[in-house]
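Here are the chains, one letter per residue:
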Amino acid sequence: MLTAADVKAFAKQSGADLVGIGSLDRFAGAPSPMDPRFLFPDAQALIALAFRIPRGYLRGIEEGTHFYQYPAMGYANINEVYAPAVLHELACFLEDHGYEGAVFRNTGGRMTISDMTGEAQEGWEAGRTIRYSEPVAPDRPAPDVMFHFRIAAFICGLGEIGYSKMFITPEFGPRQRFAFLLTDAPLEADPLHPGGLCDRCMACVRDCPVGAISGTEQVRVRVAGRDLEWGRLAEWQCF
């Protein structure tokens, strides 16, 4: 029988730096356009893959001498080339063992942002009501269902969301990107991270060059019995 340890070992062998497994019932309360259970109703687990961003990718930016290697290597290459290749290998591995793997890589595409209004849903990226597509049935969300990567990584036990809204792991701090895979394999879920990686020192608020992170307003969402919180982000200023 395929085990969580087998899956993690293969994913790391294929190139993932961190692997976590989450139980899908931890998404209870998510708005339907951000609930991965609609993508694969028979899925029993969510597998999170983390890919480190090497510290040196940021050196030129920090020194003010060279910008392009981080967006090329630390963003585009991981999201568009490296992570999809690992997802493919892991999906084939699961299929070879009689299970299905529905891959989900990092992408900026989103056909709809709808049905996510109200303070209770704010942490799931609520408040925008643009709709470009229609549901295929009355009980389905409109495409595309796009779940919240940071919350999903938390659900898979890899770390926590810091005050800056960046995800923090014990191994790499904020320097990683994620990809995910839904599977009907009955894999044991990892425990949630206990927290404490972010000490709320507010350095992110003080040091953000455009002042995009609020030190006084927070976004809160309850996930898997835990209250998550981060500073409200002025997204256009961040862009």
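Before reading further, recall that the structure is shown in the block above.
Now for a look at the structure at hand.

What counts, and where the lines are drawn
- Residues numbered from 1 in each chain as written.
- Predicted model: local features only at pLDDT ≥ 70, side-chain atom pairs only at ≥ 80, totals over all residues.
- Heavy atoms only, no water.
- Helix = DSSP H or I, 4+ residues; strand = E, 2+ residues; numbered from the N terminus.
- Rg over C-alpha atoms; globule rule 2.2 N^0.38 Å.
- Buried < 20%, exposed > 50% of the residue type's maximum accessible area, 1.4 Å probe, protein only.
- Contact = heavy atoms within 4.5 Å.
- Areas by Shrake-Rupley, 256 points an atom, 1.4 Å probe, with all protein chains shown as cover.
- Pairing = 2+ DSSP bridges.
- Core = buried A, V, L, I, M, F, W, Y, C linked by side-chain atoms within 4.5 Å.
- Patch = residues over 30% accessible without salt bridge, like charges linked within 9 Å, V, L, I, M, F, W, Y side chains within 5 Å.
- Salt bridge = Lys/Arg side-chain N within 4 Å of Asp/Glu carboxyl O.
- Lys, Arg positive; Asp, Glu negative; His and termini not counted.
- Charge placed at Lys NZ, Arg CZ, Asp CG, Glu CD.
- Axes fitted to C-alpha atoms, helices over the stretch in contact; angles between N-to-C directions.
- Phe/Tyr/Trp six-rings, centres within 6.5 Å; stacked < 30°, edge-to-face > 60°.

Our focus in this paragraph is the overall build of the chain. Within the chain, the secondary structure is distributed over six helices and eight strands. Seen in sequence order, the chain has helices and strands lined up from the N terminus as α-β-β-α-α-β-α-β-β-β-α-β-β-α. Over its C-alpha atoms the chain spans a radius of gyration of 18 Å, differing by no more than 12% from the 18 Å that the globule rule assigns to 239 residues. The principal-axis extents of the C-alpha atoms in the chain amount to approximately 50 × 40 × 35 Å. Every one of the 239 residues in the chain was classed for burial, and the buried ones make up 43%. Contacts in the chain between residues far apart in sequence, at least 24 positions, make up 70% of those at least 6 positions apart. Total accessible area on the chain is roughly 12200 Å²; 52% of this is exposed by carbon and sulfur atoms.

For a regular strand, side-chain orientation follows a simple rule: the groups alternate between the two sheet faces. Within strand β6 (residues 176-183), eight of the eight residues are buried, leaving the element largely enclosed by the surrounding structure. Residue alternation in β6 divides its side chains into two sets, Gln176, Phe178, Phe180 and Leu182 and Arg177, Ala179, Leu181 and Thr183, and both sets are buried. In the sheet, strand β2 (residues 45-52) pairs with β6 via eight bridges, with the strands oriented antiparallel. Bridge pairing links Ala45 to Thr183 in β6.

Judged by nonpolar contacts, the single largest core of 33 residues is most densely connected at Leu46, Trp124, Phe178, Phe180 and Val223. Where this core is concerned, the elements lending two or more residues are β2, α4 (149-155), β6, β7 (213-223) and β8 (226-233). Tallying contributions element by element places α4 first for this core, with six residues. Setting aside anything within four residues of it in sequence, one finds Phe178 in contact with Leu49, Ala50, Asn106, Phe149, Ala153, Leu158 and Phe167. With 25 residues, the next largest nonpolar core counts Val7, Ile21, Phe93 and Leu181 among its residues.

What follows concerns a negative patch on the surface. On the surface, a cluster of negative charge is contributed by Asp42, Glu95, Asp96 and Glu100. For Asp42, the location among the structural elements is in the loop between β1 (18-22) and β2.

Here we come to the sheet that holds strand β3 (residues 101-104). An order of β1-β2-β6-β3 is seen for the four strands of this open sheet, with the pairing classed as antiparallel. Each of the sheet's edge strands pairs with one partner strand only, and the pair in question is β1 and β3. Each neighbouring strand pair of the sheet contributes to a mean axis angle of 25 degrees, computed without reference to strand direction. Against the sheet, helix α1 (residues 4-14) makes contact with β1 and β2, and its axis sits at roughly 145 degrees relative to β1, the strand it touches most. The strands touched by helix α3 (residues 69-96) within the sheet are β2, β3 and β6, with β6 carrying the most contacts at an inclination of about 20 degrees.

For the rest of this paragraph, the subject is a nonpolar patch on the surface. Together, Ile61, Phe67 and Tyr68 line one region of the surface with nonpolar side chains, adding up to about 330 Å² of accessible area. Within the secondary structure, Ile61 sits in helix α2 (residues 59-63).

Our focus in this paragraph is the packing of aromatic side chains. Under the defined criterion, the tally for this structure stands at 12 aromatic pairs. Where Trp236 meets Phe239, the ring centres are 5.1 Å apart and the plane angle is 90 degrees; that geometry is what we call edge-to-face. We note that Trp236, like Phe239, is exposed. Following the ring pairs from residue to residue traces out a cluster consisting of Phe27, Phe104, Phe147, Phe149, Phe167, Phe178 and Phe180.

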